[in-house]
Amino acid sequence: MKIDKDLLAYLPSENGDNNTIGGTEKKNIGNSFEEYDVSPESYPPLQDIKDEAFGIITTGIEPLEITESGAIITGYINTEKRKDVRLGTYVIVPYNDEDLFARIWKMQYKQEYAVDDATEIHSKRMLRSNITDEVDYKFLAYLDPICILYSKDNLLTRRMSDRIPRPNTPIMPVKDKMKIQIGLNIPEEGIFLGHLSVGGEIIKTHAVPPTVPYYLRNDYSIGDPLVFRHILVCGSTGTGKTFLTKNILRQFMSKENRYNVRGTNASKKPCLIVLDPQDEYSQMLEDNPELTQEDKFKFMSEKVDFGGCENTLTFIAKVDGQSYNGRSRAQQMEFTIPFDMVRNNSWLIAPVGMTDLQYHGVELLLDDFFKQTGEHTYNRFLDYIDDDLTRSNYVDTGKIHEASYDGIVRRVRDRALSKVFDQPAKPIDQMLDEIVRPGQISVFPTEYISNTRIRDLITLTLMTIIVDNKLSTSGEAAVKETPIILALDEAHRYLAHPTGEHSRRIVAKFADAARQGRKEGLGLFLITQDPQDIDDTVFKQINTRIILNLTNDAAINALKVKKEYERRIPYLKKGQMIVHSPDNSDMVEIMGLQKCVVKHV
């Protein structure tokens, strides 16, 4: 086996003398020499150093320094190990009884000898030979200290970096899974998101299995599970958002997963409600036929749930002239939106773009309409506002300006609305006990609907029903007493920065839901390619951000991640992601599963 010359200094000579001990040399010049009596340092076993060490801590370039605001820790990387080092690589620098856990944040070549290699002659010689002698250059790695790992009551724990490593201490790769998890503050169990990686390469350890799983905290040990502090998945089109989201949501629907019900001693399985614009999530009912026995064994070894969820239902909005041909075997249930829901949600018939005066006029008209006896349907409301006596009552008395009244009539008289309100199906507000059940996945596809306004109306109606019943003290028991994960694809369409009274009310409602979700058992799972468009009042409540490839500078800046991770985002490969979850771990890069745990076509 080839022995690294840089490490021979640690080997004793045949007569028992050391050439170097603890970084202090015996200098022998002729017959005179100078000796230093020093106590030996404790290093890892020689075999481990020889085979695994990247190099040593050095002061030959810059002094070692650590302050409360930063550190300068430089390492010399041996020639044989230079190809193994990457930006972001995690390393261990041992003390006598503790370890410095750090990451490489900067790499640098420096000339070993004082020569000028920027010459025409040297350039042509190198181009002909195409050989660079690594020994002619110093390869330096600058370490960013993350924490100190130490043992307390026989348990490995961490604290802030408050010690400086000694010169000539070996820099070791981290091969202990526990040290990586503790060093990065990653929970040992929870909701599986992926495997820890650096530069798209999965980190391997000496454990079995060798990968380091990344879990999202899902218990009550130090507060509520993080799903109720809300999750955002963002990435450009084609980066695998749906694939990843299915894998994550499947973990929440494991048979053992339960959450506390506020005000009781009960704990229940969550209900997953998915607002699905692409008709892809009903497939969570079915197994992925492409999974091999080897795949399943790997999943079980890292506590990854896989296989279809039998209790998956598809809820179809009855829309005149539109039919749904689903891609899943999930049971289908039709519903309609009763116009009576507009009584307390006037924005359902007030499209974006309506002026504030028009919006207030709509509210006056609706308030008086619902005070009348008889059926409160959309068609009857149109008859009401078309009536000359009604118009005269509002315009002549100055309650609503004539131009505003006519604008309201034009905007409310929309053929799209007549196709969705009061259709021959069960009203959605009478189906809550069928939609919200512990352990059930309730999917609401909208791909089959050609009109975008109808799509938005259905999505916003369902969102409103769930949120209103969760936040209200008199909400339906099915909603109040069941933990709910509300997954919303294309979230930027519904939670964008408000541009009028209509959108202000929607955003305010969901800002309240985001703030109170933790205690009410409501977790928002938002999926978007435009995170910069989500309103700040909602965005600030999101604790966990899972970032796939993004090329939009505005989107990247909105995520407010560390600079060293921000510059990686446009180069993330499919399945590669940055996880920013301050209450769960340090910011890390992970790789998602290469296969979907449920059917994905």
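About the cut-offs
Residues numbered from 1 in each chain as written. Predicted model: local features only at pLDDT ≥ 70, side-chain atom pairs only at ≥ 80, totals over all residues. Heavy atoms only, no water. Helix = DSSP H or I, 4+ residues; strand = E, 2+ residues; numbered from the N terminus. Rg over C-alpha atoms; globule rule 2.2 N^0.38 Å. Buried < 20%, exposed > 50% of the residue type's maximum accessible area, 1.4 Å probe, protein only. Contact = heavy atoms within 4.5 Å. Areas by Shrake-Rupley, 256 points an atom, 1.4 Å probe, with all protein chains shown as cover. Lys, Arg positive; Asp, Glu negative; His and termini not counted. Charge placed at Lys NZ, Arg CZ, Asp CG, Glu CD. 1 Å grid on protein atoms, 1.4 Å probe; cavity = no way out; pocket = protein on both sides within 12 Å on 5 of 7 lines; lining within 4 Å. Points joined across faces, edges and corners; volume = space filled by probe spheres on them. Nonpolar A, V, L, I, M, F, W, Y, C, P; charged D, E, K, R; others polar. Polar contact = N/O pair within 3.5 Å; in protein donor to acceptor, adjacent residues only side chain to side chain. Axes fitted to C-alpha atoms, helices over the stretch in contact; angles between N-to-C directions. Parallel < 35°, antiparallel > 145°, perpendicular 65-115°, else oblique. Left-handed = near helix turned anticlockwise from the far one by under 90°. Arc of directions from axis to C-beta. Patch = residues over 30% accessible without salt bridge, like charges linked within 9 Å, V, L, I, M, F, W, Y side chains within 5 Å. Salt bridge = Lys/Arg side-chain N within 4 Å of Asp/Glu carboxyl O.

Looking now at the overall build of the chain. The helix and strand inventory of the chain stands at 17 helices and 28 strands. Since a compact globule built from 601 residues should have a radius of gyration of about 25 Å, the 31 Å found for the chain marks it as more spread out than a globular shape. Here the C-alpha coordinates of the chain stretch approximately 120 × 55 × 45 Å along the principal axes. Counting all 601 residues of the chain, 50% fall into the buried class. Look at the contacts in the chain between residues 6 or more apart in sequence, and 72% of them connect residues 24 or more apart. Roughly 29,300 Å² of accessible area belongs to the chain as shown, and the carbon and sulfur atoms make up 47% of that amount. Taken as two groups, the 75 positive and 88 negative side-chain charges of the chain have centres that lie 2 Å from each other.

Here we take up empty space enclosed by the protein. Summed over the entire model, instances satisfying the criterion amount to four cavities of 30 Å³ or more. L275, D276, P277, F444, T446, T459, L488, D489, E490 and Y494 together form the lining of the largest cavity. Elements represented by at least two residues in the lining of the largest cavity include exactly β19 (271–276) and β24 (484–489). In terms of residue class, the lining of the largest cavity is built from five nonpolar, two polar and three charged.

Once that is clear, we can look at the side chain of E520. Considering the arrangement of structural elements, one finds E520 in helix α14 (residues 501–520). There is a polar contact of 3.5 Å between the side chain of E520 and the side chain of K480. Residues within four places of E520 in sequence aside, it is in contact with R262, K470, L471 and K480.

The next thing to look at is the packing of helix α8 (residues 388–395) against helix α9 (residues 402–412). Between α8 and α9, whose axes approach to 9 Å, the crossing angle comes to 140 degrees. The orientation of α8 relative to α9 falls into the category oblique. Considering only the axes of α8 and α9, their crossing is right-handed. For the pair formed by α8 and α9, the contact residues are T390, R391, Y394 and V395 on the first element and E402, Y405 and D406 on the second.

With that settled, the discussion passes to unusual backbone geometry. What is expected of a backbone is that most residues other than glycine have negative phi and most peptide bonds are trans. The omega angle of the peptide bond from V208 to P209 is -5 degrees, so this bond is cis rather than trans. Note that P209 resides in the loop between β14 (201–202) and β15 (213–216). Within the chain, N185 stands out as a residue other than glycine whose phi angle is a positive 65 degrees. Judged by its relative accessible area of 39%, N185 falls in the partly exposed class. Even without glycine at this site, D422 takes up a positive phi of about 55 degrees. Relative to the helices and strands, D422 is located in the loop between α10 (415–420) and β22 (426–427).

A few words on helix α7 (residues 378–386). Along α7, the positions that sit buried rather than exposed are Y378, F381, L382, Y384 and I385. Along the long axis of α7, the arc covered by the buried residues comes to 160 degrees, so they all point the same way. Pointing more than 90 degrees away from the buried face of α7 are the exposed residues N379 and D383. For α7, the elements touching its buried residues are α6 (356–369), α8, α9 and α10.

Take the environment of V362 next. Among the structural elements, V362 can be located in helix α6. According to the relative accessible area criterion, V362 is buried, its value standing at 1%. Leaving out residues up to four positions away in the same chain, V362 has contacts with I349, M354 and I408.

What follows concerns a nonpolar patch on the surface. Taken together, Y113, V115 and V135 make up a surface patch of nonpolar side chains, about 310 Å² in accessible area. One can find V135 in the loop between α2 (120–129) and β10 (137–152).

On to the side chain of H492, then. Tracing the chain through its elements places H492 in the loop between β24 and α14. For H492, a relative accessible area of 15% corresponds to the buried category. Reaching out from H492, the side chain makes a polar contact with the side chain of T528 at a distance of 2.7 Å. Discounting residues that sit within four places of it in the chain, H492 has contacts with T528, Q529, D530, D533 and I534.

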